[in-house]
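Now for the letters of each chain:
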Amino acid sequence: MGYISIIRPINCFITLISVLCGAWVGKEIILNGKIILAGIVGFIVCAYGNVINDIMDIEIDRINNPKRPLVSGKVKKSSALHIAILLIIGSLVLSFFLGLKPLLLVVVTIFLLSFYSLYFKKTPLANFVVAIIAGLSFVFGGFITDNVISLVPAFFALLIHTPREIIKDIIDIKGDRLSGVSSLPIIYGEKKARQIALVFLLILLILSTVPYAIGILNLRYLLTILLIAIPLIIFTIAKLSNNRLANNLLKIIMLAGLAGFILG
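Computed from a predicted structure; not experimentally measured.

## Here's the deal with the overall build of the chain
Move 1: Summing up its helical and strand segments, the chain has 15 helices and zero strands in all.
Move 2: For 264 residues, the compact-globule estimate of 2.2 N^0.38 gives 18 Å, and the chain sits close to it at 18 Å.
Move 3: For the C-alpha atoms alone, the extent of the chain along its principal axes is close to 50 × 45 × 30 Å.
Move 4: Within the chain, buried positions represent 53% of all 264 residues.
Move 5: A separation threshold of at least 6 residues defines the contact pool for the chain, and within that pool the share at least 24 residues apart is 72%.
Move 6: Split by element, the accessible area of the chain, about 12,500 Å² in all, is 70% carbon and sulfur.
Move 7: Distance between charge centroids for the chain: 3 Å, based on 23 positive and 11 negative side chains.

## Examining a nonpolar patch on the surface
Move 1: Together, Tyr-212, Leu-219, Leu-223, Leu-226, Leu-227 and Ile-228 make up a nonpolar patch on the protein surface, roughly 560 Å² of accessible area in all.
Move 2: Per-element accounting of the nonpolar patch gives the leading share, five residues, to helix H14 (residues 219-238).
Move 3: In this fold, Leu-227 is placed in helix H14.
Move 4: The class for Leu-227 is exposed, based on a relative accessible area of 65%.

## Overview of the nonpolar core
Move 1: In terms of nonpolar packing, the biggest core is built from 80 residues, with Val-51, Phe-140 and Phe-261 touching the most fellow members.
Move 2: Examining the composition of this core, we find that twelve residues originate from one element, helix H3 (residues 33-56), more than from any other.
Move 3: Discounting residues that sit within four places of it in the chain, Phe-140 has contacts with Val-19, Ala-38, Val-41, Gly-42, Leu-98, Pro-102, Leu-105 and Val-106.

## Some remarks on the packing of aromatic side chains
Two aromatic rings are characterised by how far apart their centres lie and by the angle between their planes.
Move 1: In total, this model carries nine aromatic pairs according to the counting rule given.
Move 2: Taking 5.8 Å as the distance between ring centres and 75 degrees as the angle between the ring planes, the aromatic pair formed by Phe-155 and Phe-156 counts as edge-to-face.
Move 3: Overall, the relative accessible area of 9% leaves Phe-156 in the buried class.
Move 4: With a centroid separation of 5.8 Å and an interplanar angle of 50 degrees, the aromatic rings of Phe-156 and Phe-261 are classed as tilted. Of this pair, Phe-156 sits in helix H9 (residues 151-171) while Phe-261 sits in helix H15 (residues 243-263), and the two are 105 residues apart along the sequence. Like Phe-156, the residue Phe-261 is buried in the burial classification.

## Considering the side chain of Asp-169
Move 1: Mapped onto the fold, Asp-169 is located in helix H9.
Move 2: One buried charged residue, Asp-169, remains without a salt bridge, the closest side chain of opposite sign being Lys-121 at 5.8 Å.
Move 3: When residues no more than four places from it in sequence are discounted, the contact partners of Asp-169 are Asn-127, Asp-176, Ser-183 and Pro-185.

## Let's talk about the side chain of Thr-15
Move 1: Along the polypeptide, Thr-15 turns up in helix H2 (residues 9-24).
Move 2: Among all residues touching Thr-15, those that are not within four sequence positions of it are Gly-42, Cys-46 and Ser-137.

## As for the environment of Leu-184
Move 1: Relative to the elements of secondary structure, Leu-184 occurs in helix H11 (residues 184-188).
Move 2: Relative accessible area serves as the criterion here: at 6%, Leu-184 is assigned to the buried category.
Move 3: Each C-alpha atom of the pair Leu-184 and Leu-258 lies 27 Å from the other, and the pair is 74 residues apart in sequence.
Move 4: Beyond its immediate chain neighbours, meaning those up to four positions away, Leu-184 contacts Pro-124, Asn-127, Ile-166, Gly-189, Ala-193 and Ile-196.

## Brief notes about H2
Move 1: In this model H2 runs 22 Å from its N-terminal to its C-terminal C-alpha over 16 residues, within 8% of the 22 Å that 1.5 Å per residue would give.
Move 2: Of the positions making up H2, those classed as buried are Cys-12, Ile-14, Thr-15, Leu-16, Ser-18, Val-19, Leu-20, Cys-21, Gly-22, Ala-23 and Trp-24.
Move 3: Elements in contact with the buried residues of H2: H3, helix H8 (126-145) and H15.
Move 4: Once H2 finishes, Gly-26 follows within two positions and takes phi at roughly 75 degrees, a positive value.

Calculation criteria
Residues numbered from 1 in each chain as written. Predicted model: local features only at pLDDT ≥ 70, side-chain atom pairs only at ≥ 80, totals over all residues. Heavy atoms only, no water. Helix = DSSP H or I, 4+ residues; strand = E, 2+ residues; numbered from the N terminus. Rg over C-alpha atoms; globule rule 2.2 N^0.38 Å. Buried < 20%, exposed > 50% of the residue type's maximum accessible area, 1.4 Å probe, protein only. Contact = heavy atoms within 4.5 Å. Areas by Shrake-Rupley, 256 points an atom, 1.4 Å probe, with all protein chains shown as cover. Lys, Arg positive; Asp, Glu negative; His and termini not counted. Charge placed at Lys NZ, Arg CZ, Asp CG, Glu CD. Patch = residues over 30% accessible without salt bridge, like charges linked within 9 Å, V, L, I, M, F, W, Y side chains within 5 Å. Salt bridge = Lys/Arg side-chain N within 4 Å of Asp/Glu carboxyl O. Core = buried A, V, L, I, M, F, W, Y, C linked by side-chain atoms within 4.5 Å. Phe/Tyr/Trp six-rings, centres within 6.5 Å; stacked < 30°, edge-to-face > 60°. Expected span 1.5 Å × (residues − 1).

Written out as structure tokens, the structure reads:
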């Protein structure tokens, strides 16, 4: 099970859906070999990011996440390195069949994921880098179907992932501090970090209906946002001091947003 959990398959599947969403948002839902392949590549690239992150975070995870496969001994570090290399090779080989732009984007994403684990993870920029990488999955799908509208969910990914990463940093503050990580909560304090997360959530709340208002997305998108996403965003803002609850709520909001964009 350790070799499965180290790639965090649920997160990878969400990335796969994000790629499909980027291909479909504002368009008719069509499933063909190229789109399926793009989703698989997204899954593999996400898996690489999770594995390399666990490799670089072994000492931090001893405090923050002692049940992780490497820390618990379920997976050897050497095996994890081999898995990471295979995932890189697999993603590059498969993306070669998708065209030059998708291939280049995969290269850029792998670089960002690697540099994040090596450097950005320990800086205040970490939250924004993760959010940008999350947004690129939609752009990747957009490349497959020449869908410029994929930039819309990519932008919203920035607004939802940034506060979620900040909340996760607040949760992990003990282990991060002992490991020399300079996260936003450590540099500015939990209160200020939570205020920054709040600003992003308020912007998300204000802009969430704009894609419908300007005619990019349809009524199905609006109803999904009004009935599910917006109430959850408001509830999350009210419960922002409860870190673990807020983190879980933000994940649900992400899924609601994905559904809205696909339906729209």
